[in-house]
Structure formats: C-alpha cells, structure tokens
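One-letter residues, chain by chain:
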Amino acid sequence: MDFKNLKAQPIKKRVASIKLINEPFKSHLLVDKFFTEIDICKNGGEIINYFSLEELENRINSFKKEGKSKNEHPTILKGIYTDGIKSSDCSKPSPFLFFDIDVKNVINKHLKNPSVNQRVFNFFQKISLLTYRSYSQEGIAGILYVPQLVKIGDSHSRSHQIVGNAIYKFLKTELKSKLEIEIEFDESQANFRQGRYLAEQQYPVELNKEPLIFNYELKEELELDDLGVVQYKFTSNTISTSIIEKYNTDADIRFLVQQAGFNELNKSSDSIRLRHSKSLSYSTGFVDLKDNTYMNYSETFGGKKKYDAFEFSKKFLFNGDFESLVNDLRVQGYDEIIIDERDFEDGLNYLSNHTSQDEVAKVCYHLRKGTVKQKSMFFQEVRQLDIDETVLRSYLGYNQIEIVYDKSYKIKGHIGGKIKSIIEDYKNEDKIILRAETGTGKTTAFLKFFPQFFPEKKILILEPLTAIVDQSKNDYPNLTGLTGISGLGEFQQAYEDRIVMATYEKGITLLKDQVPFDYIIVDEIHNLLVANGYKPETISQLTWLLKDKKVIGLTGTPSNIFSSLGYKLINLENTDRNVTEVIQRVSNKEAEKIILNHLNFVEGKVIIRVNSEKVLKSVKQELIELKRFEENQILILHSDFEIKKSEDFKLMAEKGKFRNNVRVVLTTGVIDEGVSLYQEGFTDVVFIENDYRQRPESIKQFFARFRHIEPQRKNYHYFKMKNNQDFNVFNEANYFKNQERSLKRRCSGDFTTYTDLSEFDKYFYVHSCTINPFFLAYKTTNITYSSFNHEEYNSFLETNYDLKVRLDASWTMEEIDISEIKESRKVTKETIDRLWLKETEMCIDAVLSYSRNEEIQNYFNFKGMDKKICLYSFVQDELKDFESLCVNFIKLKKVGLKNIEMFRNGKKRGQEAITNLIKIQNLKNLLDNPKNDKDRDLKHKFQEFILQLKQKKSFEANEMKPIWYKIFGKEIGLTQKSLIKLLKEDFSLTEDKYHLFKFSDS
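Residues numbered from 1 in each chain as written. Predicted model: local features only at pLDDT ≥ 70, side-chain atom pairs only at ≥ 80, totals over all residues. Heavy atoms only, no water.

## Side note on the overall build of the protein
Next, step 1: Per the secondary structure count, the protein includes 36 helices and 37 strands.
Next, step 2: Taking all 1002 residues of the protein together, 52% fall into the buried category.
Next, step 3: When contacts within the protein are restricted to residue pairs at least 6 apart in sequence, long-range pairs at least 24 apart make up 71% of them.
Next, step 4: The averaged location of the 147 negative side-chain charges in the protein is 2 Å from the averaged location of its 149 positive side-chain charges. (Helix = DSSP H or I, 4+ residues; strand = E, 2+ residues; numbered from the N terminus. Buried < 20%, exposed > 50% of the residue type's maximum accessible area, 1.4 Å probe, protein only. Contact = heavy atoms within 4.5 Å. Lys, Arg positive; Asp, Glu negative; His and termini not counted. Charge placed at Lys NZ, Arg CZ, Asp CG, Glu CD.)

As structure tokens, then:
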C-alpha cells in the first residue's frame, strides 16, 4: 500500500472568544439606516424600505398581521441591500446580530410557562438593543450590538456565523448562571444573511439605549478528539476503504440537495443558503462548500444537525434506509476494500522511517478499517517505535484489548512445580497475580506444593465460595477450612496451622484478629473487582485489611487495571492449552423467550445460565405447565442457602454430577467458580446475557466448568448488542489516575454520621479519608467493557481468555409467547405485597427460618408465632423478595420511617423510590441533629440551597437541580421529585397551576 499519495493536513477550526466592553452606545446608530425590509411574496423577494433602529422600533410596534400567515409577513434583513437580496447584494453590513429563541414542544418547552418566559424576556430587555415577541407570542427575538460585525461582509460570512454562535453560547452561560434557566437559540440567526419575519406585538416594545456591547477575537485552533489528539483531514481518495468514505469523496452535496427538493436562497463564496417547501422557516439550513456538508437548522427535519453526503442521501433520498442506499451504491460500482495483513506490513514498514504525527495519521486512516485482531498485532509492533501510544490508539481506533503481563512462564499441565521459582523471583514484591487456565491446579499448588517448598511459611487461602472450601476439605481432610458454619475450635486451629483456608468473609475475621500470615492467597482475585457489584461492604473490608500484606492472587480472568492497583501480572502459559469454542448468537429478546426457543432444538441434556432467579423460576413453571418436562427433570441452582445444602447441590459440588434423570439445569452465576463438572450427556451449555453492559469474566468462568471434552457438547453465548457499534477509544489507566486525583481533592477528612446519604461513601474506606481503589477500579473497568463494541468484546475474549467465538449469523429465533409467564409473575408480586402488609411479623419469622442473611438475623427476633405452612412455603420459594423487604424494613426503621412507607396504594415501591425515601429522611435527621463537622457542613450547604431558592421568589422544578449541584456537587444524590417532596413537607414549598414553586411566608 502506497501511503505517500495521501496528504494529511491538521484540521483547524476558527473560534471566537467573547468579552464585553464598557463604552457608551453611539447615538448616531439609532438614526443611521442598517436594516432592509423585503416582501418575499413579490418577485421572489422585493426590497420595500430601509430602516434605522428607531424606525424599526416604530415598524415593529405598528405592524398588524391582518389575517396573513407567517410566511406572508414582511421580512427584515440586517444591512443595506441594493440591486437584489442575495448575500452578495449587501452593500452596507450592520453592527447588529439577530437572536431568536423558539418555544415549541421540541425546544425550550419550559418557556411555555408564562412566568419563566417573562423572566427570560426581561433578561434580554436589559442587554439587547431591542427585544420583542415572535409570531407565536411565546418566542423571544431581538437585536444585539456587536460593533465589529460592521466589518464582516458576504465574503466572510462564515466568520459572522462563528461569532454569532459564540455570542449565543456566552449568553446561554450568563442566563444559566444568573437565572438558573437553560435555553437554546436558533443558531441560523448567526448567519450573515438571515431574515426575521415581522410579528404583531401585543404590547409596545422600546429601544434600550444602554445595551451590552460585545467584542470578539477570532483565532484558529487545532481540532482535538476526546483523547486530546490532533485530528487530520486527507486530500486524496486513492485509498478510501469503505463505501461511505468513497461516496462522501465522490458525491457533490450541491446536486444532492437539489434532488431532495431544496431551493437556493442565496450564495456566498463558502456556503449556499437553502429552503425546503415542507418547512415554514424562511431558511432550513446551508451547504458548506468547503466541507461538502449540509447543516440543517429546521425543526421540520429534526433540528440542528450536520450531514455529510452519505447521511444526507440516507435521510432525504432513501427515507433513512441504510441498506437500500448501500445496495444502490453497490449497483453503481461502489464496494469495500478489504484490509489484509500485507497492508499492515506496509504500514509497519512505512512507520519505521516516518514517525511524525501526521504520518501516523496517514497510515492509520487506512488501517483503522482492519479487524480488531489485525489492529492488536499492529499496535504491539508499532509500540516498539518512538510513537506516542495515545496518538496511535486515537488514529488506529484501537482500545487496549490485550492484557499486558509483567512476565510469562511456560508450564506443561499443572503449575505446582513452578510455584517455588515464581515466589522466589518475586519475593521482594508485595502484590502479584498469577494467571493460569482453569484446571491447571492453581489452588492445589498452594495446598500441596507450597508446604513442601516453604515449610516455615504460614499462609491463608481465601475463597469466594463455601463450596470451594468444602471441596478442599474433602480432598485434604487435615485442612482447616473456615466457613459460615465453622465453630470456635476450628477458628482456634487456624491460629496454629500453617495452611488455612477460609471464605472471604471468615478471612476478614482472621485478618482483623491479626493472625500472622506470611502470605495471603486470594483465589479468584478478579472478585475484588467484580463482587463490588453485589457485596461492596465485604470487598471494602477485605481490601483494606490486605493493603499491608503480601498477597498472591489467582485467577483465569485478570484485568489490566490490577497494574494500577500495584499488582504485578504474571502469565502462566500452558503449552497444552485448549481453546474453548463458543457459538455466539445475537439477541436482545427477553431471556425467557431465548430459553424456551433454545430448548426446542436441544437433543441431549442442557445447562442454562441466566443471572436472574425470577427468570429461572418462571421458565421452570412454564416448562412443567406445558408438559415438556417433569418437575424432577428440571434442576434450579442459585445462592439460596436451602439449595446449597440440598443433596443436588452437594452432589454437584463434591462429585461434579447431577442426578441421572435431570435433563435441564437452570442456574445463576452461583456455579461460575469453584465447581468442576464431569457429567456426561450434556449437548448444550448456554450462557444468556441479561445486561447490555457485559463484563467478560463470568463468560470465561462459566464455560470452564466442564473438565472433560465431549464432541457432541456445544457452548452457546447469547449476546445483547447495543445499537451504537462505533469504536470508542477509552484510556483506562489515565481515567483511573484522574479519578483518583479527583477523589483525593474531594476528601475533606470527615464523613457524615448519617449513612446511605453520600454518593461517594463506596469510593472511600469506612470512616477514613483513604480511597478504596478497588471500588474505583470496578467502576473504571465497567466503563472499559461498556466502551467495547461487539467486535472488540469478542476479540477481548479470544485474546485473553482462550475462547474461540464463532458468530452464528444465520440463526433466527422463533416467536415465543411469554404472556402467561408475565401474568404469573405479576400475581406472585401482588401476593408478596399482600402477605407482607397483612402478616408482616409471620413473614419475618418465616424469613428468619430460611435466610442466612446476617443483617436480618442480627436485627430481628424470632416471635414464634403459630406457623402457617402455606405462608412459610411461599416465603421460602420467594425468599429473595422477602429478604429485600426485610432489609428495606431495617433501613426504614433505622431512619425513623415505618414499614408502610415502602408501599403506595398497596404496591411495593421500586427500589430507587425506597432508597430516595431513606435518603430524604436521613437528610431530615441530619438537619435536625448534626453530630460532627461534616454533618454541620452539609446542613449549612442545605440552608444555602434554601436561601438561593427563596431569593428567586418563584421558580420552575428544573431550576432547583442546577443550584443543588452547584452547592453539593454529586455528594448527595436526590431525584428532583424527592427534593420537591422534601421541600413541600418540611419547608412550606407551594406549587401553582403553572407548576411554579415558591415558599410561603409562613
């Protein structure tokens, strides 16, 4: 590939900086003629008269519409036009700028409120030369004074537009700052030649002879992307790689707008002003001749948007049909150029001798169309050259897919023999992570081989699941293993033994007691990130206790973010590695539909993983009612204690098998780790996503459960695909670093005594001004994975997790009716609500009988009420929902609220609504009784918030949030609805029929 023919030029944009100048308004400007009135109904636009500002004031006040439509009204142009009404006919530019604020359902809707509208109108009366009402009488229009504009004629119309939009932006900021009201301007008014229809006024308008005087400075800036990298444009189409690029290069948008029915109003050296008959506006937008684009302003066509030739053709010529346009272009001879390895080799060779930023941009312009795998290999090669990695990622469109290791070791089979050399190599490091495939004996290496190599060392092995501890105790009978049912004797033994295993929770107890361990081995260490999503308190306690310990992490699914947490990443690469093939199907349908559809084609046994107990229970009930399976042929697995102590779970955990008659296993993520399956006869292993923001760890973990190969067994991954599949480059390490700095600045050294109030508690260790980096890392990696598009996501799985993803593009799904499932779920929810409200104490007794939730067990006392068997059975079946009710009950009680507050009209509120109720009550409690300096600071801030609202006298709901964020930032997150409820209940806030708010005098 010849890159020399491609010329790269940095994209520069002209920007205007705005400031106000303090000088008297020149009185002669009131009488000098600067405006032209035209009648567009006569001969396409006939000049009628010329006006000064004073004369225009009189013309506006005296105008009557006399039954005419808006398009029949006379039009006012800025400047004096002679011999015609095109831009080039302007012989005398004006020092004025029109502005227009439309008020419609799709824009500035809040200005339909008369009070808010009048406040904005009054604001502009004070700063403008003239402010008046537009045709609708709700819109606001006027004239601003910009002396320098008198020097801008038709030949510099683009500069006029840049200055106008900069002034609008300046005024939007001023308005938001002073009135807490956000508005949008009609940006077409920034054009050099832009007419304003005359409109009849209900009340006389007056000139303001002390307007603001705007001054501007035009300058050029380089255009940067989100990573701060300079963007380039390319002046040759010799290596355009896509149909879209080629078409945008070939097509002249001037001819496309004609085909779409647009008419030319006027033309300058760099733009063509257009109008379409479907729009009521005088002008709908303009063609930018330099960019070969169309800028639309008309609400008729969706509001402000810039269209290149392809996007314009798709919308206006092909009615939004992408496929039809592409097919039409293929017929015309357009086609994609496939990027192959030779192109990347050419690019690498070229960059070996040309490393300047523009040369990198030239090469990557072509190669960014390659696959993620191709770009990954290219990136690894090029990073050896003297090229900035951020620049390379930006131009190549490449996220860091591969996990980067500090060192790799080759192993054959199990890793036990390598443990001695690894630990000796890294004896001076406090934090390391060993990545090895599932089944290579990571845990065994420390239970069996570590004591042989290091007999004097005492280690604690932490496991995420009780089942792993129990299995290890079965394999090693002398092992001290601590779980939720361990007694005092076992804890005492842990102080004496050299090898101790414990669940994360029981490990916290040992570490708090300062039991002296030489090493802490954290199995499945990726859970120090992932588990922040469902048990952040546990992970926070554990990582705090680990920060000064020597830690060795074990996992098959690491993440680059661990490097930012101070860990060395070590890859144990198995020379006998097996790649697991996964058939991937894309579907955004409900999980219930996918399961029922998949079961239509299963030949043997099937295990299906969906992380939702409700889905699994509903599907089981549906399968039984449809008589597709007997009840004993379907096994459900989830984290419920009763299930974990069942014979089925024990058989699976200890033997890796299920009962012979089980044909369908429905499971949550409870078996993702610590379970080895040896059961034969399974033809389908199915993982169904129920979230568009997928993390990859659980996919790898789940498909690694079967420890033997069966040719007939296939793995299926149902992937939820978001609409936006663009490449979004995200620098994970930089984001983490910047957020860490931001959190350090935010920390004041004190925390509120009222828990569940601050949004930032989880980012810090409890009652400490020390950042919890693992929670931050969890949040950061969520952004990393959600920034991946479909191709990047699959490439990540293949590059790092030894999976081979085969996309089943031909697969289609039958239509499945799940209306009965939804109805059944609705009935169940209504029953839960009714029982809780009528039999609260008995429901709590039933929960205490089955739940192992420590918070519930520690808070409630068992009443011993007469047992209703059917109620107990129902509570056991729906234990998660009843546990949620109990936890919310506790939280409500702690802040002084009653159980009934959880419900509205007999129905349980959503969890977000309940959380907001608790936050509101916590805030009330803090205001009544601040206990420390942080509480008093928050109370003072709230008082300032009330004071600023009261100064407004009256205000709209959306005016409160900006003040709230200005004072609190994101420290206390309350919904607008919750905030209004609080102010009405406790601060005498009233609301009128126009939804305007004010505080009563009382």
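## Some points on the packing of helix α34 (residues 933-951) against helix α35 (residues 960-968)
Next, step 1: Put simply, α34 and α35 touch, their axes get as near as 10 Å, and they point 150° apart. Between α34 and α35, the angle falls in the class roughly antiparallel. The two elements α34 and α35 meet at a crossing, and its hand is right-handed. Counting all contacts with α34, which are made through Leu938, Lys941, Phe942, Glu944, Phe945, Gln948 and Leu949, the residues of α35 involved are Met960, Ile963, Trp964, Ile967 and Phe968.
Next, step 2: Residue classes in the contact of α34 with α35 are distributed as 9 nonpolar, 1 polar and 2 charged. (Axes fitted to C-alpha atoms, helices over the stretch in contact; angles between N-to-C directions. Parallel < 35°, antiparallel > 145°, perpendicular 65-115°, else oblique. Left-handed = near helix turned anticlockwise from the far one by under 90°. Nonpolar A, V, L, I, M, F, W, Y, C, P; charged D, E, K, R; others polar.)

## With respect to the sheet that holds strand β19 (residues 407-411)
Next, step 1: Pairing in this open sheet of 8 strands is parallel, and the strands run β19-β26-β20-β25-β24-β21-β23-β22 from one edge to the other. One side of each edge strand has no neighbouring strand; the edge strands of this open sheet are β19 and β22 (480-482). When strand polarity is set aside, the average angle formed by the axes of neighbouring strands in this sheet is 20°.
Next, step 2: Strand direction decides the pairing type here: strand β24 (residues 519-523) and strand β25 (residues 551-555), joined by 4 bridges, are parallel. Counterpart to Val522 in the pairing with β25 is Gly553. (Pairing = 2+ DSSP bridges.)

## Looking at the nonpolar core
Next, step 1: Residues Ile607, Leu637 and Phe658 are the most contacted members of the largest nonpolar core, which totals 101 residues.
Next, step 2: Those residues within four positions of Ile607 in sequence are excluded, and the remaining contacts are Phe658, Val665, Thr667, Ile671, Leu677, Phe682, Asp684, Val685, Val686, Phe702 and Phe706. (Core = buried A, V, L, I, M, F, W, Y, C linked by side-chain atoms within 4.5 Å.)

## A short note on the sheet that holds strand β18 (residues 305-307)
Next, step 1: Overall, antiparallel pairing links the 5 strands, which are arranged β14-β15-β16-β17-β18 in an open sheet. Of all the strands in the sheet, the pair left with one neighbour each is β14 (262-267) and β18. Between one strand and the next, the sheet's axes are offset by a mean angle of 30°, whatever the strand orientation.
Next, step 2: Relative to the sheet, helix α6 (residues 309-317) contacts β14, β17 (293-296) and β18, its axis offset from that of β18 by approximately 105°.

## A short note on the UniProt feature "domain: Helicase ATP-binding" (unreviewed entry) in the protein
Next, step 1: Mapped onto this structure's residue numbering, the UniProt feature "domain: Helicase ATP-binding" (unreviewed entry) falls at residues 423-576.
Next, step 2: Helix makes up 40% of residues 423-576 and strand 23%, with an end-to-end C-alpha separation of 23 Å. (UniProt positions renumbered as here; feature names shortened; annotations may be inferred.)

## Describing helix α10 (residues 372-382)
Next, step 1: If you check which residues of α10 are buried, you get Val372, Gln374, Lys375, Ser376, Phe378, Phe379 and Val382.
Next, step 2: Against the buried residues of α10 lie α8 (341-353), α9 (357-367), α11 (389-396) and α27 (790-800).

## Brief notes about the side chain of Arg695
Next, step 1: Inspection of the secondary structure assignment puts Arg695 in the loop between β31 (682-688) and α24 (697-703).
Next, step 2: Among all residues touching Arg695, those that are not within four sequence positions of it are Leu529, Val530, Tyr778, Thr781, Asn782, Tyr785 and Tyr793.

## Things to note about the packing of aromatic side chains
Next, step 1: Within this structure, the stated rule accounts for 60 aromatic pairs.
Next, step 2: When the centroid spacing of 6.0 Å and the interplanar angle of 50° are considered together, the rings of Phe775 and Tyr778 count as tilted. A residue pair is termed a helical-turn pair when its members lie 3 or 4 positions apart in one helix, as Phe775 and Tyr778 do in helix α26 (residues 773-787) at 3 residues. Take Phe775 and Tyr778: they sit in the same class, and that class is buried.
Next, step 3: Of the aromatic side chains, those joined through ring pairs into one cluster are Phe25, Phe34, Phe35, Phe96, Phe98 and Tyr145.
Next, step 4: Sitting over the ring of Phe316, Lys315 keeps its end group 5.8 Å from the ring centre.
Next, step 5: It is Lys547 that lies over the ring of Trp544; its NZ or CZ is 4.2 Å from the centre. (Phe/Tyr/Trp six-rings, centres within 6.5 Å; stacked < 30°, edge-to-face > 60°. Lys NZ or Arg CZ within 6 Å of the ring centre and 35° of its normal.)

## Notes on the side chain of Ser394
Next, step 1: Along the chain, the position of Ser394 falls in helix α11.
Next, step 2: A relative accessible area of 9% places Ser394 in the buried class.

## Examining the environment of Ser136
Next, step 1: Following the sequence through the fold, Ser136 ends up in the loop between β9 (130-133) and β10 (140-145).
Next, step 2: For Ser136, a relative accessible area of 42% translates into the label partly exposed.
Next, step 3: Residues Ser136 and Pro455, 319 residues apart in the sequence, show an inter-C-alpha distance of 87 Å.
Next, step 4: Of note is the side chain of Ser136, whose polar atom sits 3.2 Å from the backbone nitrogen of Gly139. (Polar contact = N/O pair within 3.5 Å; in protein donor to acceptor, adjacent residues only side chain to side chain.)

## Some thoughts on the pairing of strand β23 (residues 499-503)
Next, step 1: Most of β23 sits out of view: 5 of its 5 residues are buried.
Next, step 2: Residues of β23 alternate between two faces, with Ile499, Met501 and Thr503 on one and Val500 and Ala502 on the opposite face, all of them buried.
Next, step 3: The pairing of strand β21 (residues 459-463) with β23 spans 5 bridges and is parallel. Bridge assignment links Leu460 to a residue of β23, and that residue is Val500.
Next, step 4: The pairing of β22 with β23 spans 3 bridges and is classified as parallel. Looking at β23, one finds that Thr480 is bridged to Val500.
Next, step 5: The parallel pair β22 and β23 is bridged by helix α15 (residues 488-496), and the resulting crossover is right-handed. (Right-handed = clockwise from strand over helix to strand, strands pointing away.)

## Details of the packing of helix α16 (residues 504-512) against helix α18 (residues 536-546)
Next, step 1: Direction vectors running N to C along α16 and α18 enclose 40°, while the axes themselves pass 10 Å from each other. Looking at the two axes, α16 sits oblique to α18. Considering only the axes of α16 and α18, their crossing is left-handed. Within the contact between the two elements, α16 uses Tyr504, Glu505, Ile508, Leu511 and Lys512 and α18 uses Thr538, Ile539, Gln541, Leu542, Leu545 and Leu546.
Next, step 2: Each residue belonging to the contact of α16 with α18 can be placed in one class, and the counts come to 7 nonpolar, 2 polar and 2 charged.

## A few points about unusual backbone geometry
Next, step 1: Located in the positive-phi region is Gln137, a residue other than glycine, with phi close to 70°.
Next, step 2: Its place among the elements puts Gln137 in the loop between β9 and β10.
Next, step 3: The backbone phi angle of Asn292 is positive, close to 55°, even though this residue is not glycine.
Next, step 4: Assignment of secondary structure puts Asn292 in the loop between β16 (285-288) and β17.

## Digging into the pattern of salt bridges
Next, step 1: Enumeration according to the criterion identifies 44 salt bridges in this entry.
Next, step 2: Between Lys550 and Asp430 there is a salt bridge; the shortest N-O distance is 3.5 Å. With Lys550 in the loop between α18 and β25 and Asp430 in the loop between α12 (419-425) and β20 (431-435), this residue pair connects regions lying 120 residues apart in the sequence.
Next, step 3: The salt bridge partner of Glu590 is Lys593, with a shortest N-O separation of 3.7 Å.
Next, step 4: Each of Glu590, Lys593, Glu815 and Lys822 takes part in salt bridges that share partners, so that together they form one network. (Salt bridge = Lys/Arg side-chain N within 4 Å of Asp/Glu carboxyl O.)

## Focus: the environment of Glu647
Next, step 1: Note that Glu647 resides in helix α23 (residues 647-655).
Next, step 2: The exposed category is assigned to Glu647, whose relative accessible area is 59%.
Next, step 3: Distance in space between the C-alpha atoms of Glu647 and Phe658 is 9.7 Å, their sequence separation being 11 residues.

## Thoughts on helix α7 (residues 322-331)
Next, step 1: Where α7 is concerned, the buried positions are Leu325, Val326 and Leu329. One side of α7 carries all its buried residues, which in axial view fall inside an arc of 95°. Seen from the open side of α7, the exposed residues pointing more than 90 degrees away from its buried face are Glu323 and Val331.
Next, step 2: Where α7 is buried, its residues contact α4 (243-250) and α6.
Next, step 3: The N-cap residue of α7 is Asp321: its side-chain oxygen and the backbone nitrogen of Glu323 are 3.2 Å apart.
Next, step 4: Positioned one or two residues after α7, Gly333 has a phi angle of 105°, which is positive. (Arc of directions from axis to C-beta.)

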